[in-house]
Amino acid sequence: MFSATIEAKILQEAISSAKVLVDECKLRLDSDSFRIRAVDPANVGMVDLELSTSAFVSYESDGVVLGINLSRLSDITNIARSDETIDLEFDEEVQKLTIQAGGLQYTLSLIDPASIRKEPDLPDLDLPAKVVIEGRNLDQGIKAADMVSDHIALGVDPESQTFYIRAKGDTDNVQLELKQDEVISLQPSLAHSLFSLDYFKDMNKAIPKTTPVTLSMGEEYPIQINFPIADGNGQVTYLLAPRIQSD
Amino acid sequence: MFSATIEAKILQEAISSAKVLVDECKLRLDSDSFRIRAVDPANVGMVDLELSTSAFVSYESDGVVLGINLSRLSDITNIARSDETIDLEFDEEVQKLTIQAGGLQYTLSLIDPASIRKEPDLPDLDLPAKVVIEGRNLDQGIKAADMVSDHIALGVDPESQTFYIRAKGDTDNVQLELKQDEVISLQPSLAHSLFSLDYFKDMNKAIPKTTPVTLSMGEEYPIQINFPIADGNGQVTYLLAPRIQSD
Amino acid sequence: MFSATIEAKILQEAISSAKVLVDECKLRLDSDSFRIRAVDPANVGMVDLELSTSAFVSYESDGVVLGINLSRLSDITNIARSDETIDLEFDEEVQKLTIQAGGLQYTLSLIDPASIRKEPDLPDLDLPAKVVIEGRNLDQGIKAADMVSDHIALGVDPESQTFYIRAKGDTDNVQLELKQDEVISLQPSLAHSLFSLDYFKDMNKAIPKTTPVTLSMGEEYPIQINFPIADGNGQVTYLLAPRIQSD
């Protein structure tokens, strides 16, 4: 049994954060949380999305796992006005999810969860460098990097207490440097890793621009990107594997 | 002789409502009204647009019929700012329509009205079910239907006093149900017909979202869609033929 | 040596005015002005852009000439928010231009100025007719002309004291006429020339819509288009060669 009511804007935001990485996923509806954990087909990016029941107007579940087509669910929720509420109801008998907004009712066929990739475990990583910046800073760095390269390096220089984003092109280079007093907080430690810019561009679509975003980094290690959604009643964590540095 | 002045916004709105169905049409300029009545090439959708002379700043005509390329006329009127007035003047001698806005003057060649399809008669239909809803409700139903199907069913259930829009896809279904208290007015009677969604999408481009729209329906019968334009000094009526129901 | 600080919005505006005509250019950084003078590959359109040092927050140069890829420079400056300031610094040793906005630093490789086309001399033309109009009037004339033709005629009729823009299509014609009291100022003299509309459309992208634009014209002569930028601390001059009139 699952039945819930939520503001359209919150559901739209939550679904979007998973949709940028995967097409299909398991939607895990526990009694105390709404969760998507999924890894992209190439095993490079992972998303862990959680909404607590306080993000909902009402929420009741005895623990079901639904197989979901995310772009389909995203299209439906986007038809609702952002200030409308959306009712979700799982009909066990016909194995369909009913989505209602205003007088509109959409009956979504579900995917057999067994046919969807297993949810990944969140690896226990030691990421000693941590910086909290505004989403729009990351956005600027990603857009500038995109002008010169397909890769982006992120790191922290503990000596100068600086967080940086760098991209090297054939002729031009880009660098975003934010010192201790230009970030919301910085826990310095030596960190530097190279990533595929495509994944950053995809994740950036879902990262809010005016929200504090926490980046946790190591040396040649995955980066963890974390930000709150639903006014703090939920959070999104991305984990991205590094590329081998060629230079 | 024809000479008139009208607010750009009103002319833009009026032309747009006909342009979504036909490329060329006869523009019938009677002494007391400005009228387009046309049927689309496939004989499925009909538009009847009327502006009374009160929609104009000034209007003088001794009754002429002009052959018009609608997308051309639409492009010209869209160059004017929406709060500018547009002067229209028909030059009988050279058979051209002069369109003036600000210092800009456009001389539009006319099409021989004899080469344009005959204006259809408005059929006298008995459409017993009638609902008045806001344009944005129709918009939502059309957009949702478009996610699952190429067809859209509209009808009224007199028992539950409900107006509905339905679309059935291969796996998913969509339904918009508006009860008596969720519509502006409802005159219930059994009605249900299936339509091509493409026509609804085209007409929807011209249907204002915040205006009451009247839908008149029957059983396996055409639907009539009616809404005021020009602050009530004009109106648009669409008539759409049903598709044969296969299920 | 060159080092300067400028509001992003002003630099964006200035670069855009040259970018619509040429891809690469020489950027002439004199001690008292920032200047681009370039002619398009077909030798039809010329741009002369000048910012005085008062357009800058700070400006220091001992006179250098840089070879610039304009679309690249434009992309970078557009990443800055329009109210941010941008720092420009030329590193003589590595022959690169560093562009900084916020924490973002872009290192732009320069082009050997010797490989860029020679800057044209501004011809000394006798253009007796002069009209000052708002940019949006020109915009309207260009857009309307584009509906009927690939060419645009501009001229002044000294008898009726009227500035006009005209375009003749196969069936339709367009004319924008502005009399003495509909323009900001008019210095009448017989003038009429035909131009390629493509160039006007390109230049129009950079011409501000709410700024007075000065057009200087002659008979079968180039047109000179002039407008202030950077709150009057700079100006752009376009010069466009006429087409031979075929009618």
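Residues numbered from 1 in each chain as written. Chains lettered and ligands numbered in written order. Predicted model: local features only at pLDDT ≥ 70, side-chain atom pairs only at ≥ 80, totals over all residues. Heavy atoms only, no water.

## A closer look at the overall build of chain A
Within chain A one finds 4 helices and 18 strands. Taken over C-alpha atoms, the radius of gyration comes to 19 Å for chain A, in line with the 18 Å a tight globule of 247 residues would show. A separation of at least 24 residues holds for 67% of the contacts in chain A among residues at least 6 apart in sequence. Accessible area of chain A: about 10800 Å², with a carbon and sulfur share of 43%. Separation of charge centres in chain A, based on 21 positive and 41 negative side chains, amounts to 3 Å. (Helix = DSSP H or I, 4+ residues; strand = E, 2+ residues; numbered from the N terminus. Rg over C-alpha atoms; globule rule 2.2 N^0.38 Å. Contact = heavy atoms within 4.5 Å. Areas by Shrake-Rupley, 256 points an atom, 1.4 Å probe, with all protein chains shown as cover. Lys, Arg positive; Asp, Glu negative; His and termini not counted. Charge placed at Lys NZ, Arg CZ, Asp CG, Glu CD.)

## Focus: the sheet that holds strand β2 (residues 24-29) of chain A
Residue and element names in this part refer to chain A. One open sheet accounts for 9 strands, arranged β6-β2-β3-β4-β18-β17-β16-β10-β14; its pairing is antiparallel. Only two strands of the sheet have a single neighbouring strand rather than two, namely β6 (64-69) and β14 (185-187). On average, each strand axis in the sheet is tilted by 15° relative to the strand beside it, whichever way the strands run. Across 7 bridges, strand β3 (residues 33-39) lies against strand β4 (residues 45-52) in antiparallel orientation. The residue bridging Arg35 from the neighbouring strand is Glu50, located in β4. Strands β3, β4, β17 (223-229) and β18 (234-240) of the sheet are contacted by helix α1 (residues 8-19), whose axis makes an angle of about 160° with β4. Here helix α2 (residues 70-79) sits on the sheet and contacts β2, β3 and β6; the angle it forms with β6, its principal contact strand, is near 85°. (Pairing = 2+ DSSP bridges. Axes fitted to C-alpha atoms, helices over the stretch in contact; angles between N-to-C directions.)

## Topic: the pattern of salt bridges
Residues and elements named next belong to chain B. Counted under the stated rule, the structure contains 36 salt bridges over all chains. A salt bridge links Arg28 to Glu119, with the shortest nitrogen-to-oxygen separation between them at 2.4 Å. Pair noted here: Arg28 is in strand β2 (residues 24-29) and Glu119 is in the loop between β9 (104-109) and β10 (129-134), with a separation of 91 residues, a long-range link. Exposure remark for Glu119: the relative accessible area of 15% places this residue in the buried category. (Salt bridge = Lys/Arg side-chain N within 4 Å of Asp/Glu carboxyl O. Buried < 20%, exposed > 50% of the residue type's maximum accessible area, 1.4 Å probe, protein only.)

## Concerning the domain arrangement of chain A
Residues and elements named next belong to chain A. Along its sequence, chain A is organised into domain 1 (2-114) and domain 2 (129-240). One C-alpha centre belongs to domain 1, the other to domain 2; they are set 28 Å apart. In this complex, domain 1 contributes 20 residues to the contact, which on the side of domain 2 involves 15 residues. For the pair domain 1 and domain 2, the summed buried area comes to about 1400 Å², and 59% of that belongs to carbon and sulfur atoms. Our enumeration of links across domain 1 and domain 2 arrives at 0 salt bridges. Linking domain 1 with domain 2 are 7 residue pairs in polar contact (both at pLDDT 80 or more). Per-element accounting of the side of domain 1 that touches domain 2 gives the leading share, 8 residues, to β4. Residue composition of the side of domain 1 that touches domain 2, grouped by class: 11 nonpolar, 5 polar and 4 charged. (Domains from an automatic or database assignment. Buried area = accessible area lost by both parts, 1.4 Å probe. Polar contact = N/O pair within 3.5 Å; in protein donor to acceptor, adjacent residues only side chain to side chain. Nonpolar A, V, L, I, M, F, W, Y, C, P; charged D, E, K, R; others polar.)

## Side note on the relation of the copies chain B and chain A
In the superposition of chain B on chain A (RMSD 0.0 Å, axial shift 0.0 Å), the rotation amounts to 120°. Look at the turn and shift together and you get a three-fold axis relating the two. (Least-squares fit on C-alpha atoms with pLDDT ≥ 70 in both.)

## Notes on the environment of Ala4 of chain C
Residues and elements named next belong to chain C. Following the sequence through the fold, Ala4 ends up in strand β1 (residues 2-7). Since its relative accessible area comes to 2%, Ala4 is described here as buried. Sequence separation between Ala4 and Phe56 is 52 residues, and the spatial gap between their C-alpha atoms is 7.0 Å.

## Some details on the interface of chain B and chain A
Facing the 15 residues of chain B at the interface are 15 residues of chain A. Summed over both sides, the interface between chain B and chain A buries roughly 1300 Å², with carbon and sulfur atoms accounting for 49% of that surface. Of all residues in chain B, the largest losses of buried area upon contact with chain A belong to Gln140, Met147 and Asp172 of chain B, amounting jointly to 46% of the total for that side. Across the contact surface, chain B and chain A share 1 salt bridge. A salt bridge links Asp172 of chain B to Arg72 of chain A; the shortest N-O distance between them is 2.9 Å.

## A look at the nonpolar core
Grouped together as the largest cluster of nonpolar side chains are 243 residues, with contacts concentrated most on Phe200 of chain A, Phe200 of chain B together with Phe200 of chain C. Not counting the four nearest positions on each side in its chain, Phe200 of chain C is found in contact with Leu138, Ile142, Ile152, Leu154, Phe195, Ile223, Ile225 and Leu240 of chain C. (Core = buried A, V, L, I, M, F, W, Y, C linked by side-chain atoms within 4.5 Å.)

## Considering the packing of α1 of chain A against α2 of chain A
Residues and elements named next belong to chain A. Direction vectors running N to C along α1 and α2 enclose 155°, while the axes themselves pass 10 Å from each other. As far as their axial angle goes, α2 and α1 are roughly antiparallel. You can see that α1 and α2 cross each other, and the crossing is left-handed. Contact residues: Leu11, Gln12, Ile15, Ala18 and Lys19 in α1; Leu70, Ser71, Leu73, Ser74, Thr77 and Asn78 in α2. Looking at side-chain class alone, the contact of α1 with α2 contains 5 nonpolar, 5 polar and 1 charged residues. (Parallel < 35°, antiparallel > 145°, perpendicular 65-115°, else oblique. Left-handed = near helix turned anticlockwise from the far one by under 90°.)

## Quick look at the packing of aromatic side chains
Enumeration according to the criterion identifies 15 aromatic pairs over all chains in this entry. Geometrically, the ring pair formed by Phe227 of chain C and Tyr238 of chain C is tilted, given 6.0 Å between the ring centres and 50° between the ring planes. Within this pair, whereas Phe227 of chain C is found in strand β17 (residues 223-229), its partner Tyr238 of chain C is found in strand β18 (residues 234-240), the two being separated by 11 residues in sequence. Accessibility classification places Phe227 of chain C together with Tyr238 of chain C in one group, the buried group. In this structure, Arg166 of chain B is placed above the aromatic ring of Tyr164 of chain B, and the distance from its NZ or CZ to the ring centre is 3.7 Å. (Phe/Tyr/Trp six-rings, centres within 6.5 Å; stacked < 30°, edge-to-face > 60°. Lys NZ or Arg CZ within 6 Å of the ring centre and 35° of its normal.)

## Some points on the interface of chain B and chain C
Taken together, the contact between chain B and chain C spans 15 residues of the former and 15 residues of the latter. Carbon and sulfur atoms supply 49% of the area buried between chain B and chain C, which totals about 1300 Å² over both sides. Broken down residue by residue, the surface that chain B buries against chain C is led by Ile79, Gly103 and Leu104 of chain B, which jointly contribute 38%. Counting the contacts that link chain B with chain C gives 1 salt bridge. Between the two partners, chain B and chain C, sit 11 residue pairs in polar contact (both at pLDDT 80 or more). Of all elements in the fold, only α2 (70-79) and β9 of chain B reach the threshold of two or more residues within the side of chain B that touches chain C. Of the residues forming the side of chain B that touches chain C, the biggest block, 6 residues, is contributed by β9 of chain B. Examined bridge by bridge, β9 of chain B and strand β13 (residues 173-179) of chain C share 4 bridges and lie antiparallel to one another. Each bridged residue has a counterpart across the sheet, and for Leu104 of chain B the counterpart in β13 of chain C is Leu176 of chain C.

## Side note on the sheet that holds strand β4 (residues 45-52) of chain C
Residue and element names in this part refer to chain C. Here we have 9 strands laid out as an open sheet, ordered β6-β2-β3-β4-β18-β17-β16-β10-β14, and antiparallel in their pairing. On the outer flanks of this sheet lie β6 (64-69) and β14 (185-187), each paired with one strand and no other. Going from strand to strand, the sheet's axes swing by 15° on average, the running direction of each strand aside. Here 3 bridges tie strand β10 (residues 129-134) to β14, and the two strands are oriented antiparallel to one another. Each bridged residue has a counterpart across the sheet, and for Val131 the counterpart in β14 is Leu186. Packing of helix α1 (residues 8-19) onto the sheet brings it into contact with β3 (33-39), β4, β17 and β18, and relative to β4 it is tilted by some 160°. Lying over the sheet, helix α4 (residues 197-206) contacts β4, β17 and β18, oriented at roughly 175° with respect to β18.

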